Amino acid sequence: QKEVEQNSGPLSVPEGAIASLNCTYSDRGSQSFFWYRQYSGKSPELIMSIYSNGDKEDGRFTAQLNKASQYVSLLIRDSQPSDSATYLCAVGNFNKFYFGSGTKLNVKP
Amino acid sequence: SAVISQKPSRDICQRGTSLTIQCQVDSQVTMMFWYRQQPGQSLTLIATANQGSEATYESGFVIDKFPISRPNLTFSTLTVSNMSPEDSSIYLCSGGDTQETQYFGPGTRLLVL
C-alpha cells in the first residue's frame, strides 16, 4: 500500500468552476499535510500547508483535512487556465515526507 | 520561505562516470532531502541529508551509489556514482524545518548516455 494515494486524473474542469482534488494517506501518525503545484518541466511549488482538522483558506485555495478519515483535499475556486498543472499531495511525519503520484488538472477556457 | 539553488541545472554524462550535484539554501534549515523524479512520475525520496552525520537512505537507495554530504545547515551534495542510462532523471533537493514546509530547488536534469 502506498503511503499517499491520489487519483492521477486528468481532471478537467471549465474555467470559473471549482476543482476538487483528493488525497488519502495510510499513516495515522502523520503530522503535516501539504499541497504542491508542479508545472511541466518545473519543480514543485508549495500552495498550502495544513496541520489540524478542518478547513484552511488562502485566496482561491481551500485545504481540508480529516484525520479520522485520513483524507486531505484541495479546492480551487474560480479555476483559471493558469491553474492547469499537476498537484502533488505530501504528508509529513516528523522526519519523513511522502508524496502522492499527483493529479493532473486541466482547466479549459 | 527558503530559496534553494542547485548546480548544475542539467548535464549529459557518459555511463560509468559520476556527477556531483550541489544544493545551496539561503538560510539555515533543519531538514534537507534529495528526491528523484522520472518524467511524468512523482517524487521518490532518495535520502535525508543529516548535518554532520551519515545520510539516511530510503529502501532501494544505497550510499555507495548515492553518497551524500551535508557539512552545514545550508549546503548539501548528492553524487550519482558509476552512472548508467537508468539514472537519467531529474534530481531535486528540498529544505525546510521539521513539521514545516519543504521548499524545492529548481532541479538537475541528468541524461546518461
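All values derive from a computational prediction rather than experimental measurement.

**Q** Residue-level account of the packing of aromatic side chains, with values.
**A** For any pair of aromatic rings, geometry is given as the distance between the ring centres together with the angle between the planes. As enumerated under the stated definition, the model contains twelve aromatic pairs over all chains in all. Here the aromatic rings of Y36(A) and F99(A) are separated by 5.5 Å at their centres, their planes lie at 50°, and the arrangement is tilted. Of the two residues, Y36(A) sits in strand β4 (residues 32-38) while F99(A) sits in strand β10 (residues 96-99), which places them 63 residues apart along the sequence. Residues Y36(A) and F99(A) agree in their burial class; the two are buried. Taking 6.3 Å as the distance between ring centres and 50° as the angle between the ring planes, the aromatic pair formed by F33(B) and Y35(B) counts as tilted. Comparing F33(B) with Y35(B), the two get one shared label, buried.

**Q** Give me the interface of chain A and chain B: which residues, what numbers.
**A** At the junction of the two partners, chain A supplies 21 residues and chain B supplies 21 residues. Summing both partners gives a buried area of about 1600 Å² for chain A against chain B, and 52% of it is carried by carbon and sulfur. Three residues stand out in chain A for area buried against chain B, namely N95(A), F97(A) and F99(A), and they jointly supply 31% of the buried area on that side. Connecting chain A to chain B are zero salt bridges.

**Q** Which residues make up the nonpolar core, and what values go with them?
**A** Within the largest apolar cluster, 25 residues are counted, with the highest numbers of intra-cluster contacts made by W34(B), I46(B), F66(B), I68(B), L78(B), Y91(B) and L110(B). Top element by residues in this core is strand β3 (residues 19-25) of chain B. It accounts for four residues. Once you skip the residues sitting within four places of it in the chain, I68(B) turns out to touch W34(B), A47(B), A49(B), A55(B), Y57(B), S76(B), T77(B) and L78(B). One finds I47(A), L65(A), V72(A) and Y87(A) within the second-largest nonpolar core, a separate group that totals 23 residues.

**Q** Give a description of the sheet that holds strand β8 (residues 75-80) of chain B that names residues and reports values.
**A** Residue and element names in this part refer to chain B. Spatial ordering of the open sheet is given by β1-β3-β8-β7, a layout of four strands whose pairing is antiparallel. Every other strand in the sheet has two partners, leaving β1 (4-7) and β7 (68-72) as the edge strands with one partner each. Here the average twist between neighbouring strands, direction ignored, is 15°. Bridging between β7 and β8 involves three bridges; their strand directions are antiparallel. Counterpart to N72 in the pairing with β8 is F75.

Rules behind the numbers
- Residues numbered from 1 in each chain as written.
- Chains lettered and ligands numbered in written order.
- Predicted model: local features only at pLDDT ≥ 70, side-chain atom pairs only at ≥ 80, totals over all residues.
- Heavy atoms only, no water.
- Phe/Tyr/Trp six-rings, centres within 6.5 Å; stacked < 30°, edge-to-face > 60°.
- Helix = DSSP H or I, 4+ residues; strand = E, 2+ residues; numbered from the N terminus.
- Buried < 20%, exposed > 50% of the residue type's maximum accessible area, 1.4 Å probe, protein only.
- Contact = heavy atoms within 4.5 Å.
- Buried area = accessible area lost by both parts, 1.4 Å probe.
- Salt bridge = Lys/Arg side-chain N within 4 Å of Asp/Glu carboxyl O.
- Core = buried A, V, L, I, M, F, W, Y, C linked by side-chain atoms within 4.5 Å.
- Pairing = 2+ DSSP bridges.
- Axes fitted to C-alpha atoms, helices over the stretch in contact; angles between N-to-C directions.

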